[in-house]
Amino acid sequence: MDLEPYADSFLQGLKKHLQFKVQKVCSPHELAEYFEPILFKLAKNPKQVRKNWSETETTLLVNIVIYYCLLKGEEAHSLV
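Residues numbered from 1 in each chain as written. Predicted model: local features only at pLDDT ≥ 70, side-chain atom pairs only at ≥ 80, totals over all residues. Heavy atoms only, no water.

Asks: Can you break down the overall build of the chain residue by residue, with the values?
Replies: Along its length, the chain carries three helices and zero strands. Its helices and strands taken in sequence order, the chain reads α-α-α from the N to the C terminus. Here the C-alpha coordinates of the chain stretch approximately 35 × 25 × 20 Å along the principal axes. The burial tally for the chain puts 26% of its 80 residues in the buried class. Looking at the chain alone, contacts between residues at least 24 apart form 61% of all its contacts between residues at least 6 apart. (Helix = DSSP H or I, 4+ residues; strand = E, 2+ residues; numbered from the N terminus. Buried < 20%, exposed > 50% of the residue type's maximum accessible area, 1.4 Å probe, protein only. Contact = heavy atoms within 4.5 Å.)

Here it is as structure tokens:
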């Protein structure tokens, strides 16, 4: 199932509620490219405690929420 066209329109509706600016929705392949460095970084230092999320982590989270909402038919606001 190709959700990318729907994801772009979903992002347009979500943008006004985000403080973080997301320019476009990532493809599933691009999501893997975002996830792998985060995973390797965590695997190297699992006890690392951080206060803030990086731009890469935030981008990954926003994209996961978009795809989750599309797959489950949920509104992003209902996840809070």
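There's plenty left to go through after this.
Asks: Tell me about the confidence of the model for the chain, and name the residues and values.
Replies: Per-residue confidence for the chain gives a mean pLDDT of 83; residues scoring 70 or more make up 98%. Here helix α1 (residues 4-15) stands out as the element of the chain with the lowest mean pLDDT, 79, in contrast to helix α2 (residues 28-44), whose mean of 89 is the highest. (pLDDT = per-residue confidence, 0-100.)

Asks: Pulling in residues and values, what's your account of the packing of α1 against helix α3 (residues 55-72)?
Replies: Viewed as axis vectors pointing N to C, α1 and α3 meet at an angle of 115°, and their least axial separation amounts to 10 Å. As summarised for this structure, α1 and α3 are arranged roughly perpendicular, according to the angle between their axes. In this structure, α1 crosses over α3, and the sense of that crossing is right-handed. For the pair formed by α1 and α3, the contact residues are E4, Y6, A7, F10, L11 and L14 on the first element and I66, Y67, C69 and L70 on the second. Counted by class, the contact of α1 with α3 contains nine nonpolar, no polar and one charged residues. (Axes fitted to C-alpha atoms, helices over the stretch in contact; angles between N-to-C directions. Parallel < 35°, antiparallel > 145°, perpendicular 65-115°, else oblique. Left-handed = near helix turned anticlockwise from the far one by under 90°. Nonpolar A, V, L, I, M, F, W, Y, C, P; charged D, E, K, R; others polar.)

Asks: Describe in detail the nonpolar core, supporting the description with residues and values.
Replies: In this structure, F10, V25, I66 and Y67 are the most contacted members of the largest nonpolar core, which totals 16 residues. Elements supplying a minimum of two residues to this core: α1, α2 and α3. In terms of residue count, α3 provides more of this core than any other element does, five residues in total. Those residues in contact with Y67 that sit more than four places away from it in its chain are L3, E4, A7, V25, C26, S27, P28 and L31. (Core = buried A, V, L, I, M, F, W, Y, C linked by side-chain atoms within 4.5 Å.)

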